[in-house]
Amino acid sequence: MPTPHINANAGDFADTVLMPGDPLRAQYIAENFLDNAKRVTDVRSMFGYTGTFNGKPVSIMGSGMGVPSMSIYAKELITEYGVKHLIRVGTCGGIGDDIKLRDVIIASGASTDSGVNRTRLLGYDFAATADYSLLAAAVTSARNAGVEARVGNVFTSDLFYSPEEALIPALRKMGILAVEMEVAGLYGVAAEYGAKALGIMTVSDHIVRGEATSSDERQTTFNEMIQIALNAAVSL
């Protein structure tokens, strides 16, 4: 039944949902990759769609920006609509010297400055990790597409504009590939409610080198990442 944030009906979502942060990117994916896509929710203009990809049902649902917004939508999709697999498809800021614009990063884990997962685990650290079956499927999908995806740890930040100047050097020292704002929250929600989750991202900018793509490019040109996610989703 509808929730305060999703006005879809029971059965409107497929078992697998791809979750871009931007609702316009959700619309782009639905219109350009799915067959027979139908909008199933539009509360606060946070669009969700269901259609088919290679003949199998798949849904696309915007998550908004940040851990709190992602956590709301992911939780309701799991507990109210029975979604079993959630794949974040979004952008991130590269920080490693060998990371380039438009590289595809598959997050095997997510470090974070957010406190949500400590709240879940009674104040202790929670290792926010991807589901292995989704991770393996995405790696295989990337390899089949001829894409050299990077697999590793990302950092989920609560602050887009962080005042901590020592943070990026510390992350680079620890081998973290990129910074983004949702994955650790998604992995925590999935663990708490018994679903499977994965984060796949395209590098939209390089934080250290100051390189960046435009907003239009971020919305419409990261097709490799979407193809990898969809092929992984329908292979399960």
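What comes next is a walk through the structure. Just so you know, these numbers come straight off a predicted model, no measurement behind them.

1. A few points about the packing of helix α4 (residues 132-144) against helix α8 (residues 223-234)
- As a packed pair, α4 and α8 sit with axes 8 Å apart at the nearest point and diverge in direction by 125°. Judged by the inter-axis angle, α4 sits oblique to α8. Taken as a pair, α4 and α8 cross one another with a handedness that is right-handed. In contact with Ala-137, Ala-138, Ser-141 and Ala-142 of α4, α8 contributes Gln-227, Ile-228, Asn-231 and Ala-232.
- For the contact of α4 with α8, the residue count by class is five nonpolar, three polar and no charged.

2. Comments concerning the pattern of salt bridges
- Using the criterion set out here, one finds nine salt bridges in the structure.
- In this structure, the salt-bridge partner of Arg-88 is Glu-180, at a minimum N-O distance of 2.9 Å. Highlighted residues: Arg-88 in strand β5 (residues 85-94) and Glu-180 in strand β8 (residues 178-180), separated in sequence by 92 residues.
- Across the pair Arg-118 and Asp-125 runs a salt bridge, and its minimum N-O distance is 2.6 Å.
- Residue Arg-118 is classed as partly exposed on the basis of its relative accessible area of 44%.
- Each of Arg-88, Glu-180 and Glu-182 takes part in one network of salt bridges that share partners.

Calculation rules
Residues numbered from 1 in each chain as written. Predicted model: local features only at pLDDT ≥ 70, side-chain atom pairs only at ≥ 80, totals over all residues. Heavy atoms only, no water. Axes fitted to C-alpha atoms, helices over the stretch in contact; angles between N-to-C directions. Helix = DSSP H or I, 4+ residues; strand = E, 2+ residues; numbered from the N terminus. Parallel < 35°, antiparallel > 145°, perpendicular 65-115°, else oblique. Left-handed = near helix turned anticlockwise from the far one by under 90°. Contact = heavy atoms within 4.5 Å. Nonpolar A, V, L, I, M, F, W, Y, C, P; charged D, E, K, R; others polar. Salt bridge = Lys/Arg side-chain N within 4 Å of Asp/Glu carboxyl O. Buried < 20%, exposed > 50% of the residue type's maximum accessible area, 1.4 Å probe, protein only.

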